[in-house]
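Chain by chain, the residues run as shown.
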Amino acid sequence: MTLRKLFIDMNAFFASIEQQDDPTLRGRPVAVIPTDAPTTCCIAASYEAKRYGVRTGTPVWQARQLCPSLVFRLARHRRYVLFHHRILDAVETVLPIEKVLSIDEMTCSLGLNERSPQQALALANAIKQAIRTRVGECLTCSIGIAPNTLLAKVAADMRKPHGLTLLTAADLPHALHSLQLTDFPGIGPRMLRRLHSFGITSVRQLCAAPLATLSAVWKSKKIGERWHRLLHGGEDEDLSTARRSLGHSHVLPPPLRNDSDAYGVLTRLTHKAAARLRKEGYCAGCVSIHLTFLDSKRPASRRRWSWACRIPHAQDTPAILRAVNQLWQARPQGFAPFHVGVLLTELRSADCTTPSLFDDNRRSIALSHTLDLVNTQCGPHALHFASIHDHRNTAPTRIAFTQIPCFDRAIL
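Residues numbered from 1 in each chain as written. Predicted model: local features only at pLDDT ≥ 70, side-chain atom pairs only at ≥ 80, totals over all residues. Heavy atoms only, no water.

## Description of the environment of Leu211
For step 1, the next point in the chain: Inspection of the secondary structure puts Leu211 in helix H9 (residues 211-217).
For step 2, the next point in the chain: Looking at Leu211, the relative accessible area reads 32%, which means it is partly exposed.
For step 3, the next point in the chain: A C-alpha to C-alpha distance of 6.3 Å links Leu211 and Gly224, two positions 13 residues apart in sequence.
For step 4, the next point in the chain: Not counting residues up to four positions away in its chain, the partners in contact with Leu211 are Gly224, Glu225 and His228. (Helix = DSSP H or I, 4+ residues; strand = E, 2+ residues; numbered from the N terminus. Buried < 20%, exposed > 50% of the residue type's maximum accessible area, 1.4 Å probe, protein only. Contact = heavy atoms within 4.5 Å.)

Now the structure itself:
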């Protein structure tokens, strides 16, 4: 069984950048939040904060109770993307990066002459040193080395922070037995219940399960074969696929939690999504919006609502805006909006989409591309639709877990 993959996972990435930039925060509990509101949640926490129980997703009010000395910092997404690219450059001085999986995770393939345990460990330590010297002393990572990406990621999670774990053929599968089933990516609460229904309640049982059982658990022979192969140290397979959806969402700050401002922010998000759709070369065949409302009768609860409609495949902003407006009219009434989002699905390559035969549609598409061109050259919002004028600076670009924004000036 050959060592093929090296997985890099940055530790407490956003919080570590805040500590790197501000030496007074080093050694102190730090939490990063998306907006300055007690109803929001932490999107990152330093390891000093994690010792108090503060985690990603912890509400601000609860984080203050858990750790009274906690320091909050507003997220600076441009800064985090800048550090992300610095880290990529640092890693590339040691090994070529095979794939960037998220803002703080990436994989490298080990060459034929780099697959012995001694060579692989030396490369991992060289990567750690390169990040420390080229990016910053507060930026640490955990690295896993294994025969495939799944096991390498699991290995990286086994020792944090600043860990280094190598899983060889001699280590498998017993080195995995102490883990929880949910330590494996792809096993969440629902899949955990399915595994339990098949009598698999431990990683030892998962590794020992026959192929037929895993296929039944995942309701797919192909997926069952993949899990069986990877758990036993087999090679990765090429799972590259086309994008299936594209969207944006935003938690509204307290002053904007009303219908008028919520719709303005939703319109702004739609403009961003449509610009990204054109940049990535897709047309959308379905538009949906999702809303979360505050329930005044139950202050701690939320009401969630979503609705969708199909459209002739399009990528121009006016066509998508019309669909969003239609969906907005169907929303529940009488509740204060808390969170808004738009999602474009049923994506199809623009090259494979028949152009509209109607002049109005052609002009709308040309106008949208002109909008992108002007904003790319002259800066965000140099040219924009009047409908977003009062909200053009709301909903700034954020970092999703698996989407690193390019901060294209036409999309911001």
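Moving on from the model shown.
## Some remarks on the sheet that holds strand E7 (residues 141-146)
For step 1, the next point in the chain: Strand order across the open sheet formed by five strands is E5-E6-E1-E7-E8, with mixed pairing between neighbours. The open sheet has two edge strands with one neighbour each: strand E5 (99-102) and strand E8 (164-166). The sheet shows a mean angle of 15° between the axes of neighbouring strands, direction not considered.
For step 2, the next point in the chain: Of the pairings in the sheet, the one linking strand E1 (residues 5-10) to E7 comprises six bridges and is antiparallel in character. Residue pairing across strands places Met10 opposite Cys141, the latter belonging to E7. (Pairing = 2+ DSSP bridges. Axes fitted to C-alpha atoms, helices over the stretch in contact; angles between N-to-C directions.)

## A look at helix H6 (residues 149-158)
Structurally, the α-helix is built with 3.6 residues per turn, so residues lying three or four positions apart point the same way.
For step 1, the next point in the chain: Of all ten residues that make up H6, seven are buried, and the element is covered over most of its length.
For step 2, the next point in the chain: The complete set of buried residues in H6 reads Leu150, Leu151, Ala152, Lys153, Val154, Ala155 and Ala156.
For step 3, the next point in the chain: In the core, the buried residues of H6 are packed alongside E1, strand E6 (105-109), E7, E8 and helix H10 (221-231).

## A short note on the pattern of salt bridges
For step 1, the next point in the chain: All told, the structure shown has twelve salt bridges when counted by the stated rule.
For step 2, the next point in the chain: A salt bridge links Asp157 to Lys160; the shortest N-O distance between them is 3.2 Å.
For step 3, the next point in the chain: A network of salt bridges, in which partner residues are shared, links Glu18, Asp21, Arg76 and Arg79. (Salt bridge = Lys/Arg side-chain N within 4 Å of Asp/Glu carboxyl O.)

## Some remarks on the sheet that holds strand E3 (residues 44-45)
The strands making up a sheet associate through hydrogen bonds between their backbones, and the pairing can be parallel or antiparallel.
For step 1, the next point in the chain: Across the sheet, three strands lie side by side as E3-E2-E4; this open sheet has mixed pairing. Strand pairing shows two members of the sheet lacking a second neighbour, E3 and strand E4 (71-74), which therefore form its edges.
For step 2, the next point in the chain: Two strands pair when backbone bridges link them, and strand E2 (residues 30-33) and E4 are joined in this way by four bridges, in the parallel orientation. Pairing of Val30 across the sheet is with Val71, part of E4.
For step 3, the next point in the chain: Contacting E2, E3 and E4, helix H1 (residues 13-21) runs over the sheet at an angle of about 115° to E2.

## Digging into the packing of aromatic side chains
For step 1, the next point in the chain: Counting across every chain of the model gives seven aromatic pairs.
For step 2, the next point in the chain: Between Phe293 and Phe335, the ring centres sit 6.0 Å apart and the planes meet at 50°, which makes this aromatic pair tilted. Of this pair, Phe293 sits in strand E10 (residues 282-294) while Phe335 sits in the loop between helix H12 (317-328) and strand E12 (336-345), and the two are 42 residues apart along the sequence.
For step 3, the next point in the chain: Taking 6.4 Å as the distance between ring centres and 5° as the angle between the ring planes, the aromatic pair formed by Trp305 and Trp307 counts as stacked.
For step 4, the next point in the chain: Trp305 sits in the buried class, given a relative accessible area of 16%.
For step 5, the next point in the chain: Over the ring of Tyr47 we find Lys50; its NZ or CZ atom is 4.3 Å from the centre of that ring.
For step 6, the next point in the chain: Its end group placed over the ring of Phe83, Arg86 keeps NZ or CZ at 5.1 Å from the ring centre. (Phe/Tyr/Trp six-rings, centres within 6.5 Å; stacked < 30°, edge-to-face > 60°. Lys NZ or Arg CZ within 6 Å of the ring centre and 35° of its normal.)

## Examining the pairing of E7
For step 1, the next point in the chain: With six of its six residues buried, E7 lies for the most part within the structure.
For step 2, the next point in the chain: Here E7 shows two buried faces, one formed by Cys141, Ile143 and Ile145 and the other by Ser142, Gly144 and Ala146.
For step 3, the next point in the chain: Regarding topology, H6 serves as the crossover connection from E7 to the parallel E8, and that connection is left-handed. (Right-handed = clockwise from strand over helix to strand, strands pointing away.)

## Remarks on the packing of helix H4 (residues 77-92) against helix H5 (residues 117-134)
For step 1, the next point in the chain: In the contact formed by H4 and H5, the axes pass within 8 Å of each other and the chain directions differ by 135°. Regarding the angle of H4 to H5, the classification is oblique. Remark: the crossing between H4 and H5 carries right-handed chirality. Within the contact between the two elements, H4 uses Ile87, Ala90 and Val91 and H5 uses Ile127, Ala130, Ile131 and Arg134.
For step 2, the next point in the chain: Looking at side-chain class alone, the contact of H4 with H5 contains six nonpolar, no polar and one charged residues. (Parallel < 35°, antiparallel > 145°, perpendicular 65-115°, else oblique. Left-handed = near helix turned anticlockwise from the far one by under 90°. Nonpolar A, V, L, I, M, F, W, Y, C, P; charged D, E, K, R; others polar.)

## A short note on the nonpolar core
For step 1, the next point in the chain: Grouped together as the largest cluster of nonpolar side chains are 38 residues, with contacts concentrated most on Leu6, Ile8, Ile131, Leu139 and Ile145.
For step 2, the next point in the chain: Elements that contribute at least two residues to this core include exactly E1, H1, H4, E6, H5, E7 and E8.
For step 3, the next point in the chain: Among the elements that line this core, the one with the most residues is H4, at seven residues.
For step 4, the next point in the chain: Apart from the residues lying within four places of it in its own chain, the contact partners of Leu139 are Met10, Phe13, Ser16, Ile17, Gln20, Phe83, Ile87 and Ile131.
For step 5, the next point in the chain: Listed in part, the 30 residues of the second largest apolar core include Ala274, Ile311, Val340 and Val342. (Core = buried A, V, L, I, M, F, W, Y, C linked by side-chain atoms within 4.5 Å.)

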